[in-house]
Amino acid sequence: MNTNFGFVRVAAAVPQCHVADVEANVREVKQQISEAIEEGVEVICFPELTMTGYTCADLFFTQQLQHNALRGVEQVCEFTRGKSIIVLVGAPLKVDNNLYNCAFVITDGEVVGVVPKVNLPNTGEFYEKRWFTSGRAVRESSGAPRIPTVELWCGDVPFGIDLLFLTRNYCFGIEVCEDLWSPLPPSTQLAIQGAELIFNLSSSNCVTGKHAFRRQMLTQQSARVHCGYVYASSGVGESTTDMVFSGSTYITENGDLLEMGDRFLRESNMVITEIDIERLRTDRQRNTNFTKDQHGHYRHINVAPIESEASTEPVHRHFSTTPFLPDKGEEDLYCSDVFAIQTNGLARRWEHTHAQTIVVGISGGLDSTLALLVAVQTADLLGYERQRVLGVTMPGFGTSDRTYQNAMRLMEELGVSMHEIPIREVTTQHLQDIEHDMNIHDVTYENAQARVRTLILMDLANQYNGLVLGTGDLSELALGWATYCGDHMSMYGINAGIPKTLVRYLVRYAAANFYSDDTRATLLDIVDTPVSPELLPTDEQGQIAQKTEDKVGPYELHDFFIFYFLRYGFSREKIAYMASVAFEDQYTSEQIEHWLDVFMHRFYTQQFKRSCLPDGPKVCCVSLSPRGDWRMPSDVCEMK
């Protein structure tokens, strides 16, 4: 596990099917096994009734087909001897004069277990009960196996629907086709009992609408039981008489579709990717309802495939550089949800406190812009005049003309009450009072300005019966990039649950979808402005001299770190590796390691700021609220 960070490489394979021609099917399966081994695949899953084909109908009754099928499994089994792979193939198997539709688990020349199908479809175009017996028949009413083993050419082999397969690094279970479609899929109980991967050998024909429904069902089931799900269904060669098969393949993980193969291909094909076992274990660990049923009767079968010499790095796995942003096609729903969470949270606080106004400092930067947009939308939601939102710009030593003009234009265009209160003189007086040299631009010089601004906002809130709306975002809180008792403090932290990359995305989205040309132009210029607290004097050209990302690092990297550290608790080594894959063309490994060290150091040392945060709505899958998602001692030691 330590060498591959918990990733397991799996394949869903669709061999070119030759109905009832076991010899031809074995050739196709062997070829795909060889290809999978070259790719370093650990487990390969084939469709239901791989050896014979699904549409043999009454030929399943013939002794010749039954014999050929078992002989085919034996040939595949022998082919795997000395090879580093686990193979799942399907074939009919007669036990006690009942015929079962089975999945065979094979590795290193041995069949280590046989799992019969439980739910047999018998409606419409399906009539499996004509030939097969349900796997339930092999269990006593108490749940214990009535037929614990079957005798094969290799000896007695575990047989039943109560089998869990344990490798050195993970546990997997099996269900067959219709089992997934049942009201209580076997995979649910398999997962509760410890299966982290579920493999489904399927033969599902194609009709309109079925593909989308099946995909939805697979992602939902993997999310419901926090598992990886690998699904392989029969290809076009199975299409006989009245049914057409498309060769659907899917690999899902905890609700995410990792891979989906092309359909209706006329040659053998497979999809390969890696499933993150550590990710699954994190969610199971946090889900207190996901507890093992101690009363279940399940047998654990040890599976020990030969160690592969191929690379175990997740070369097929894609890691988004922006894990907090919406997937393509989901932008509208995602952004509308974010704004709805923020506006409804603020509306509730505004109504409950009977405040007359909302007071928000406007710097011309991203965070204060988003806060102002939310405040205006909240006023609209409540039917209040927008002038009940008090926008306050407070130019200081580092305020550039660009941000100042954008702040003024934005407040005017949105129709809020505008206040301009320069802080240069009062800050100068304060620094003189504490005998601080104005030419020393250190943390005292910077933080004095932030605290003066907060003092002004708080006093205005008292003066106008208002609430001070905080503007700091999740990324800044994670890094501790906030002045304690300065911008760190407010009466409601509207952006506290939103990382910087999402703040930028939301402002751009609002510009494109909510506002007229003038306001859109202002918002887009704000998006393009370098992120800066503007606490150090501008350069000779009046441009921003202090750029946050030069100091603490790129926010896109930090948001990537935040997501995988807070959401899944991954080690810094794994996060660094994933970042090197995701940002391969943007940052070197040395740069990623450097900024990850910066992130970890700041995250651990700045908890005291997060331990006393004001209220703020949780928006994304993680939060740093000391009352919500994240609780950590303020004086904790940094883990190495």
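Every chain is numbered on its own, with residues counted from 1 as its sequence reads. The predicted origin of the model limits local features to residues at a pLDDT of at least 70 and limits the giving and counting of side-chain atom pairs to 80 or more, whereas totals for whole chains, interfaces and linings rest on all residues. Side-chain numbers here rest on the full set of heavy atoms in the structure, without hydrogens or water.

Asker: Where do I start with the side chain of Gln 546 in this structure?
Answerer: Structurally, Gln 546 can be placed in the loop between helix H14 (517–527) and helix H15 (548–552). Residue burial is assigned from relative accessible area. The probe radius is 1.4 Å, only protein chains are included, and a residue is buried under 20% of its type maximum, exposed over 50%, and partly exposed in between. We classify Gln 546 as buried; its relative accessible area is 10%. Counting of polar contacts relies on pairs of N or O atoms within 3.5 Å, with two restrictions inside protein: one atom must be capable of donating a hydrogen and the other of accepting it, and residues adjacent in sequence are counted only when both atoms are side-chain atoms. A polar side-chain atom of Gln 546 sits 2.9 Å from the main-chain amide nitrogen of Leu 535. The way it works is that DSSP assigns letters per residue, a run of H or I at least four long becomes a helix, a run of E at least two long becomes a strand, and they are numbered from the N terminus.

Asker: Just checking my understanding: could you explain the sheet that holds strand E3 (residues 86–95) for this structure?
Answerer: In sheet architecture, strand pairing relies on hydrogen bonds along the backbone and comes in two forms, parallel and antiparallel. If you trace the six strands from one edge of the open sheet to the other, you get E5-E4-E3-E2-E1-E14, paired in mixed fashion. Each having just a single partner strand, strand E5 (110–116) and strand E14 (269–276) make up the two edges of the open sheet. Averaged over all pairs of adjacent strands, the angle between strand axes in this sheet comes to 30°, irrespective of strand direction. Two strands make a pair as long as DSSP finds a minimum of two bridges between them. Of the strand pairs in this sheet, strand E4 (residues 98–107) and E5 are connected by six bridges, and their pairing is antiparallel. Considered in E5, the bridge of Cys 102 is made with Pro 116. Whether two residues are in contact is decided by their heavy atoms: any pair within 4.5 Å suffices. In this analysis an axis means a line fitted to C-alpha atoms, helices contributing only their contacting stretch, and an angle means the value between N-to-C directions, from 0 to 180 degrees. Where helix H1 (residues 22–38) meets the sheet, its contacts fall on strand E1 (7–14), strand E2 (43–45), E3 and E14, and the angle it forms with E14 comes to roughly 40°. Running at roughly 50° to E14, helix H6 (residues 277–286) makes contact with E1 and E14 of the sheet.

Asker: Would you take a moment to explain the pattern of salt bridges for this structure?
Answerer: Pairs can form between side chains of opposite charge once their charged atoms are near each other. A pair is scored as a salt bridge if a Lys or Arg side-chain nitrogen falls within 4 Å of a carboxyl oxygen belonging to Asp or Glu. Applying the stated criterion to the full structure yields 27 salt bridges. With its nearest N and O atoms 2.8 Å apart, the salt bridge here joins Asp 58 to Arg 130. Here Arg 130 lies in the loop between E5 and strand E6 (149–152) and Asp 58 lies in the loop between E2 and helix H2 (63–79), a separation of 72 residues in the sequence. Overall, the relative accessible area of 35% leaves Asp 58 in the partly exposed class. Here Asp 517 ties to Arg 520 by a salt bridge, and the two come within 2.7 Å at their closest N and O atoms. With Asp 517 and Arg 520 both in helix H14, this residue pair falls three residues apart, about one helical turn. Note on Arg 520: relative accessible area 25%, which makes it partly exposed.

Asker: How should the state of the cysteines be read in this particular structure?
Answerer: A covalent bond between the sulfur atoms of two cysteines is what we call a disulfide. Two cysteine sulfurs form a disulfide in these notes if their separation is within 2.5 Å. In total, this model carries zero disulfides according to the counting rule given. Cysteine Cys 77 remains unbridged, with the sulfur of Cys 154 as its closest cysteine sulfur at 5.7 Å.

Asker: I would appreciate a short explanation of the nonpolar core in the present structure.
Answerer: Soluble, globular proteins show a tendency: their nonpolar side chains are buried together. We define the nonpolar core as a collection of buried residues of types Ala, Val, Leu, Ile, Met, Phe, Trp, Tyr and Cys that are connected through side-chain atoms lying within 4.5 Å of one another. Ranked by internal contacts, the top residues of the largest apolar core, which has 88 residues, are Leu 372, Leu 469, Phe 560, Phe 561, Tyr 564, Phe 599 and Phe 603. Residues contacting Phe 603, with those up to four places away along its chain left out, are Ala 478, Phe 565, Leu 566, Arg 610, Leu 624, Trp 630 and Met 632. In this structure, Val 22, Phe 60, Val 89 and Ile 106 belong to the second largest nonpolar core, which totals 47 residues.

Asker: What is the right way to read the sheet that holds strand E17 (residues 389–393) from this model?
Answerer: Strand order in this open sheet of five strands is E18-E17-E16-E19-E20, and the pairing throughout is parallel. Among the strands making up the open sheet, the edge pair consists of strand E18 (417–420) and strand E20 (492–493). Alignment of strand E16 (residues 357–361) against strand E19 (residues 466–470), held across three bridges, turns out to be parallel. Residue pairing for E19: Ile 358 is matched across the bridge by Leu 467.

Asker: Looking at this structure, how should I read the pairing of strand E13 (residues 256–260)?
Answerer: Looking down a regular strand, the side chains alternate between one sheet face and the other. Both strand E12 (residues 249–253) and E13 contribute to a ladder of four bridges, which runs antiparallel. By the bridge assignment for E13, Glu 253 is matched with Asp 256. Where E12 hands over to E13, the hairpin turn is made up of two residues, of which Asn 254 adopts a positive phi near 50°.

Asker: Would you mind going over the packing of helix H10 (residues 424–433) against helix H11 (residues 443–463) with me for this structure?
Answerer: When two helices pack together, their arrangement is captured by the angle between the axes and the distance separating the axes. It is at 10 Å that the axes of H10 and H11 come closest, and there the two elements cross at 125°. When the axis of H10 is compared with that of H11, the two are oblique. As for how H10 packs across H11, the hand of that crossing is right-handed. Facing Val 426, Thr 427, His 430 and Leu 431 of H10, the residues of H11 in contact are Thr 444, Tyr 445, Ala 448, Gln 449 and Val 452. Residue classes follow a fixed rule: Ala, Val, Leu, Ile, Met, Phe, Trp, Tyr, Cys and Pro count as nonpolar, while Asp, Glu, Lys and Arg count as charged, and any other residue, Gly among them, counts as polar. In terms of residue class, the contact of H10 with H11 is made up of five nonpolar, four polar and no charged. Comment on the angle field: the value is read as roughly parallel under 35 degrees, roughly antiparallel over 145, roughly perpendicular from 65 to 115, and oblique elsewhere. By definition, turning the near helix anticlockwise from the far helix through less than a right angle yields a left-handed crossing, and turning it clockwise yields a right-handed one.

Asker: Mind showing me how you'd approach the packing of aromatic side chains here?
Answerer: In this description, a pair of aromatic rings is defined by centroid distance and the angle of the planes. Aromatic pairing here means that ring centres of Phe, Tyr or Trp (its six-membered ring) are within 6.5 Å. Orientation follows from the plane angle: under 30 degrees is stacked, over 60 is edge-to-face, and everything else is tilted. All told, the structure shown has 37 aromatic pairs when counted by the stated rule. Each ring, one from Phe 7 and one from Phe 319, has its centre 5.9 Å from the other, and the planes form 55°; the classification is tilted. With a gap of 312 residues between them, Phe 7 in strand E1 and Phe 319 in the loop between strand E15 (299–302) and helix H7 (331–353) connect regions that are remote in the sequence. Residue Phe 319 is classed as buried on the basis of its relative accessible area of 4%.

Asker: Explain the side chain of Ser 134 to me, please; I cannot follow it from the model alone.
Answerer: For Ser 134, the location among the structural elements is in the loop between E5 and E6. Sequence-distant contacts of Ser 134, defined by excluding residues within four places in its chain, comprise Tyr 100, Lys 117, Val 118 and Leu 120.

Asker: How do you make sense of unusual backbone geometry when you look at a structure like this?
Answerer: A negative phi angle is the norm for most residues apart from glycine, just as the trans form is the norm for most peptide bonds. Positive phi values are uncommon outside glycine, yet Asn 97 reaches one of about 65°. Topologically, Asn 97 is positioned in the loop between E3 and E4. The exposure class of Asn 97 is exposed, given its relative accessible area of 65%. Here Glu 435, not a glycine, exhibits a phi torsion of approximately 60°, which is positive. Along the chain, Glu 435 turns up in the loop between H10 and H11.

Asker: Explain H7 to me, please; I cannot follow it from the model alone.
Answerer: Because each turn of an α-helix spans 3.6 residues, side chains separated by three or four positions in sequence point in the same direction. An ideal rise of 1.5 Å per residue puts 33 Å on 23 residues; H7 measures up with 33 Å between its terminal C-alpha atoms. Lining the buried residues of H7 we find E16, helix H8 (366–382), E17, E19, E20 and helix H13 (500–513). Two residues or fewer after H7 comes His 354, characterised by a positive phi angle close to 55°. Helix span, expected: 1.5 Å multiplied by one less than the number of residues in the helix.

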